[in-house]
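Residues per chain, in single letters:
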Amino acid sequence: DTGVSQNPRHKITKRGQNVTFRCDPISEHNRLYWYRQTLGQGPEFLTYFQNEAQLEKSRLLSDRFSAERPKGSFSTLEIQRTEQGDSAMYLCASSRLAGARNEQFFGPGTRLTVL
Amino acid sequence: AQTVTQSQPEMSVQEAETVTLSCTYDTSESDYYLFWYKQPPSRQMILVIRQEAYKQQNATENRFSVNFQKAAKSFSLKISDSQLGDAAMYFCAYRSANSGNTPLVFGKGTRLSVIA
């Protein structure tokens with residue numbers, strides 16, 4: 001069990017550019033979640049997957065955001081035409097499918113700064 | 001929609017003393033789970049303690065315990081014998097019991113400082 005990993009850890013980009021983040025969940029975890037955390041706030045849910053199927057998208061996930069989880073393993077989160085308001089920490093978490101005690105394990109996050 | 005409120009943006013405690021962090025939530029569901037997560041500076045979030053709503057007994061994990069008041073929709077975290085390593089952001093979170101392991105709803109967090 002190597003934990004949830006995210007790459008890159010930091011990304012600085014100019015407004016209008018596209019960025020892509022990657023999350024590698026704990027192996028055998030069926031569910032994968034993306035959250036966004038802005039300064040002084042708690043994480044907010046963006047979207048989540050069960051295997052390769054995207055089950056739910058938050059209203060926070062505008063058309064500029066897209067997430068995929070091909071083959072039910074790693075996931076990518078792409079932001080097109082970035083805006084300064086997209087600056088945040090993007091957190092990935094994974095868990096087993098079901099069971100009350102199956103906690104969500106978080107990765108270290110990708111900090112995005114849009115200039 | 002469910003909401004989680006943490007009314008204490010910052011708290012401080014002397015080393016070895018006890019501190020209580022507050023959390024209230026709002027839901028119309030009867031079956032759910034509540035969590036406290038710890039986020040140390042520049043480190044990833046880890047689970048501190050969990051509580052199933054159907055259990056009347058308050059959860060405990062070593063120095064960490066909760067006071068779960070379902071009718072009042074209150075879920076506070078007590079840290080006993082505080083240590084320097086307890087300094088972190090603490091987030092209260094809610095999860096529905098429906099449809100498997102669903103996304104978490106977090107509060108805004110409480111920053112805990114531990115004074116040596």
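It should be emphasised that the depicted structure is a prediction, and the values quoted were computed from it without experimental measurement.

A. Inspection of the overall build of chain B at higher detail. In terms of regular secondary structure, chain B is built from zero helices and 12 strands. Starting at the N terminus and ending at the C terminus, chain B contains elements arranged as β-β-β-β-β-β-β-β-β-β-β-β. For chain B, whose C-alpha radius of gyration is 14 Å, the value lies close to the compact-globule estimate of 13 Å for 116 residues. The buried share of chain B, taken over its 116 residues, is 49%. Contacts in chain B between residues at least 24 apart in sequence constitute 55% of all its contacts with a sequence separation of at least 6. For chain B, the exposed surface amounts to about 5,700 Å²; the carbon and sulfur share of it is 44%. Here chain B carries 11 positive and 10 negative side-chain charges, and the mean point of each set is 4 Å from the other.

B. A look at the pattern of salt bridges. One pass over the full model with this rule turns up eight salt bridges over all chains. In this structure, A:Glu103 engages B:Arg50 in a salt bridge whose closest nitrogen and oxygen atoms are separated by 3.6 Å. Of this pair, A:Glu103 sits in the loop between strand E9 (88–95) and strand E10 (105–106) while B:Arg50 sits in strand E6 (residues 46–52), which puts the two residues in different chains. According to the relative accessible area criterion, B:Arg50 is buried, its value standing at 14%. Put simply, B:Lys55 and B:Glu52 hold a salt bridge, and the shortest N to O gap is 4.0 Å.

C. Local environment of the confidence of the model for chain A. Confidence in the prediction of chain A, expressed as mean pLDDT, is 92, and 95% of residues score 70 or more. For chain A, the element scoring lowest by mean pLDDT is strand E6 (residues 53–57) of chain A, at 92; strand E3 (residues 19–24) of chain A scores highest, at 98.

D. Region of the structure containing the nonpolar core. With 25 residues, the main nonpolar core has B:Tyr25, B:Trp36, B:Phe75, B:Leu77 and B:Tyr90 as its most contacted residues. Listing elements by their share of this core, those giving two or more residues are strand E3 (19–21), strand E5 (32–39), E6, strand E8 (64–69), strand E9 (74–79), strand E10 (88–96) and strand E12 (110–115) of chain B. Take this core: its biggest share by element is four residues, from E10(B). Residues within four places of B:Tyr90 in sequence aside, it is in contact with B:Gln6, B:Leu21, B:Trp36, B:Tyr37, B:Lys38, B:Val48, B:Phe64, B:Leu77, B:Ile79, B:Gly109, B:Thr110 and B:Leu112. Among the nonpolar cores identified, the runner-up in size contains 19 residues, and A:Val4, A:Val19, A:Trp34 and A:Tyr90 belong to it.

E. Spotlight on the sheet that holds E3(A). All names here are of chain A. One open sheet holds the four strands; their spatial order is E1-E3-E8-E7, and the pairing between them is antiparallel. The outermost strands of the open sheet, each flanked by one partner alone, are strand E1 (5–7) and strand E7 (65–68). Sheet twist, expressed as the average angle between the axes of neighbouring strands with direction ignored, equals 15 degrees. As judged from the three bridges shared by E1 and E3, these two strands associate in the antiparallel manner. Residue pairing in the sheet places Asn7 in a bridge with Arg22 of E3.

F. Focus on the interface of chain A and chain B. Counting residues at the interface gives 25 residues for chain A and 19 residues for chain B. Of the roughly 1,900 Å² buried between chain A and chain B on both sides combined, carbon and sulfur atoms contribute 45%. Summed over the shared surface of chain A and chain B, the result is one salt bridge. Our count for the chain A to chain B interface comes out at five residue pairs in polar contact (both at pLDDT 80 or more). Listing elements by their share of the side of chain A that touches chain B, those giving two or more residues are strand E4 (31–37), strand E5 (44–50) and E9 of chain A. Looking at which element gives the most residues to the side of chain A that touches chain B, the answer is E4(A), with four residues. In the side of chain A that touches chain B, the residues fall into 12 nonpolar, nine polar and four charged.

G. A look at the packing of aromatic side chains. Residues and elements named next belong to chain B. Applying the stated criterion across every chain yields a total of 17 aromatic pairs over all chains. Plain terms: the ring middles of Tyr25 and Tyr94 are 6.3 Å apart, the flat faces sit at 35 degrees to each other, and that makes the pair tilted. Of this pair, Tyr25 sits in strand E4 (residues 24–26) while Tyr94 sits in strand E10, and the two are 69 residues apart along the sequence. Each member of the pair, Tyr25 as well as Tyr94, is classed as buried. Centre to centre, the rings of Phe35 and Tyr37 are 6.2 Å apart; their planes meet at 45 degrees, and the pair counts as tilted.

Criteria and cut-off values
- Residues numbered from 1 in each chain as written.
- Chains lettered and ligands numbered in written order.
- Predicted model: local features only at pLDDT ≥ 70, side-chain atom pairs only at ≥ 80, totals over all residues.
- Heavy atoms only, no water.
- Helix = DSSP H or I, 4+ residues; strand = E, 2+ residues; numbered from the N terminus.
- Rg over C-alpha atoms; globule rule 2.2 N^0.38 Å.
- Buried < 20%, exposed > 50% of the residue type's maximum accessible area, 1.4 Å probe, protein only.
- Contact = heavy atoms within 4.5 Å.
- Areas by Shrake-Rupley, 256 points an atom, 1.4 Å probe, with all protein chains shown as cover.
- Lys, Arg positive; Asp, Glu negative; His and termini not counted.
- Charge placed at Lys NZ, Arg CZ, Asp CG, Glu CD.
- Salt bridge = Lys/Arg side-chain N within 4 Å of Asp/Glu carboxyl O.
- pLDDT = per-residue confidence, 0-100.
- Core = buried A, V, L, I, M, F, W, Y, C linked by side-chain atoms within 4.5 Å.
- Pairing = 2+ DSSP bridges.
- Axes fitted to C-alpha atoms, helices over the stretch in contact; angles between N-to-C directions.
- Buried area = accessible area lost by both parts, 1.4 Å probe.
- Polar contact = N/O pair within 3.5 Å; in protein donor to acceptor, adjacent residues only side chain to side chain.
- Nonpolar A, V, L, I, M, F, W, Y, C, P; charged D, E, K, R; others polar.
- Phe/Tyr/Trp six-rings, centres within 6.5 Å; stacked < 30°, edge-to-face > 60°.

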